[in-house]
Amino acid sequence: VGVALGVTLRHENDTFQETFISRCEKFKGSDCQKIWRAFEQAYVGRDPCNVPMEEYNPLVAAAPPQPACNRIMLWSKTKDVVHDFTEKRDCFGTLEDTLLGSVLDDLTWCGKEGSSETFTTGCPGWTDCEKNPVRSFWYRASAAFADAACGDVTAMLNGSISTPFYPTSIFGSIEVKRLNSTRVKSLNVVLVTEQNEVANCTNASLKDLQKELDKGIKYNCKEVEKSQIEECASDPQKPCGACW
Ligand code: ZNA
């Protein structure tokens, strides 16, 4: 049993690294071996509940997000509709379109004290402990992405829930706070609504969002039906600026 388990784990470890490297290599000119080593050092051999976001500083330094002014798309509780749109249309870039976000999207990983391996099973879940390797990575990567934001920034929030702006979400606790008025002109909220609209742009949580914004950043909010976003995603003729 011990041997069989050892073989399974070795295999798990290799597949994860292969996924990492092959996703990374889609970004031409990147030193993916170097980026892998910077990634691994953040969590390998560590208690998987004690990986602070700062452990990923060397990784972010090795693969910093490239700022694309006026094209930054942030999101909270709208992952599917956002990525459906950004995959089909070349209008906006999300964190998941940057090297680090694209390499690690939908992956789970952790280390273990006394081991030099990467595990993909038996890792703490998002809420099991705060300083888990996956959650700390997204905090750190989101901070870097927001720091690099410039011009007019868009954020897709969910109008089908009662608090589209959640102060403890990554968008609320990291991204909004790090938008800097010397670089960012405006934050444009697209509130994605469905037939059963629960929240509109007058929602109290959106007042809290405006209070968090650096003075000097203009704020706009627009309610847009999900079906309209999906239609524009499937209509390559329509200019980006005419989607909503
Ligand atoms: N691609 C990702 O998996 C991911 C991306 C995970 C976390 C954060 N991000 C960044 S931050 C993303 O690019 C957006 O710009 C920002 C959204 O973060 P948020 O405001 O916290 O939004 P959210 O919808 O609550 O969470 C985003 C993602 O985090 C979810 O799709 C899940 O993958 C993960 N997540 C959040 N809360 C939980 C969770 N997974 C499991 N349990 C949770 N309670």
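Residues numbered from 1 in each chain as written. Predicted model: local features only at pLDDT ≥ 70, side-chain atom pairs only at ≥ 80, totals over all residues. Heavy atoms only, no water.

1. Concerning the site of the ligand
- Neighbouring the ligand are 15 residues, the closest being Ser-76, Lys-77, Glu-96, Asp-105 and Ile-170.
- Protein chains shield 75% of the accessible area of the ligand, which is 730 Å² for the free molecule.
- Taken together, the elements giving at least two residues each to the shell around the ligand come down to strand E1 (73-76), helix H6 (133-148) and helix H7 (170-178).
- Per-class residue counts for the shell around the ligand are six nonpolar, four polar and five charged. (Near = heavy atom within 4 Å. Areas by Shrake-Rupley, 256 points an atom, 1.4 Å probe, with all protein chains shown as cover. Helix = DSSP H or I, 4+ residues; strand = E, 2+ residues; numbered from the N terminus. Nonpolar A, V, L, I, M, F, W, Y, C, P; charged D, E, K, R; others polar.)

2. Observations regarding the nonpolar core
- Ranked by size, the top nonpolar core spans 53 residues in total, and within it Phe-39, Leu-104, Trp-109 and Leu-209 carry the most contacts.
- With nine residues, H6 is the largest single contributor of residues to this core.
- When neighbours within four sequence positions are excluded, Phe-39 is seen to be in contact with Phe-16, Phe-20, Tyr-56, Leu-59, Leu-104 and Trp-109.
- Val-224, Ile-229, Cys-232 and Cys-243 belong to the second-largest nonpolar core, a separate cluster that totals 15 residues. (Core = buried A, V, L, I, M, F, W, Y, C linked by side-chain atoms within 4.5 Å. Buried < 20%, exposed > 50% of the residue type's maximum accessible area, 1.4 Å probe, protein only. Contact = heavy atoms within 4.5 Å.)

3. Points about the state of the cysteines
- Evaluation of the coordinates by the stated rule reveals seven disulfides.
- Covalent S-S linkage joins Cys-110 and Cys-123, the inter-sulfur distance amounting to 2.2 Å. For the disulfide bridge between Cys-110 and Cys-123, the dihedral angle about the S-S bond is near -85°, and by the sign convention the bridge is left-handed. Remark: Cys-123 occurs in the loop between helix H5 (99-104) and H6 and Cys-110 occurs in the loop between H5 and H6; sequence separation between them is 13 residues. You'll find Cys-110 and Cys-123 in the same group, each marked buried. (Disulfide = S-S within 2.5 Å.)

4. Focus: unusual backbone geometry
- In this model, Asn-70 sits at a positive phi of 70°, which is unusual for a non-glycine residue.
- You can see Asn-70 is positioned in the loop between helix H3 (57-62) and E1.
- Phi at Lys-77 takes a positive value of approximately 60°, unusual for a residue other than glycine.
- Accessibility expressed as a relative area gives 45% for Lys-77, which makes it partly exposed.

5. A closer look at the packing of aromatic side chains
- Tallied over the entire structure, the rule returns 16 aromatic pairs.
- Measuring from ring centre to ring centre gives 5.7 Å for Phe-92 and Trp-244, while their planes differ by 10°; the resulting arrangement is stacked. Within this pair, whereas Phe-92 is found in the loop between helix H4 (79-88) and H5, its partner Trp-244 is found in the segment after helix H9 (226-233), the two being separated by 152 residues in sequence. Neither Phe-92 nor Trp-244 differs from the other in exposure class; each is buried.
- Each member of the aromatic cluster is reached from another via a ring pair, and the members are Phe-16, Phe-20, Trp-36, Phe-39, Tyr-43, Tyr-56, Trp-109, Phe-137 and Trp-138.
- Above the face of the Tyr-166 ring, Lys-77 is positioned so that its terminal group lies 4.8 Å from the ring centre.
- When the ring centre of Phe-119 is taken as origin, the NZ or CZ atom of Lys-112, which lies over that ring, is 4.4 Å away. (Phe/Tyr/Trp six-rings, centres within 6.5 Å; stacked < 30°, edge-to-face > 60°. Lys NZ or Arg CZ within 6 Å of the ring centre and 35° of its normal.)

6. Points about the environment of Trp-75
- Its location among the elements puts Trp-75 in strand E1.
- Exposure remark for Trp-75: the relative accessible area of 23% places this residue in the partly exposed category.
- Beyond its immediate chain neighbours, meaning those up to four positions away, Trp-75 contacts Val-82, His-83, Thr-94, Glu-96, Met-156, Phe-171 and Glu-175.

7. Observations regarding the side chain of Thr-118
- Checked against the element boundaries, Thr-118 lands in the loop between H5 and H6.
- Only 2.8 Å separates the side chain of Thr-118 from the side chain of Tyr-43, close enough to count as a polar contact.
- Setting aside residues no more than four positions away along its own chain, Thr-118 makes contact with Asn-13, Phe-16, Trp-36, Tyr-43, Val-44, Trp-109 and Cys-110. (Polar contact = N/O pair within 3.5 Å; in protein donor to acceptor, adjacent residues only side chain to side chain.)

8. Focus on the environment of Ser-205
- Within the secondary structure layout, Ser-205 lies in helix H8 (residues 204-212).
- Classification of Ser-205 by relative accessible area gives buried; the value is 4%.
- In this structure, the C-alpha to C-alpha distance between Ser-205 and Phe-165, residues 40 residues apart in sequence, is 5.3 Å.
- Those residues in contact with Ser-205 that lie beyond four places of it in its chain are Thr-163, Pro-164 and Phe-165.
- Of the polar contacts made by the side chain of Ser-205, one reaches the side chain of Asn-203; its length is 2.7 Å.

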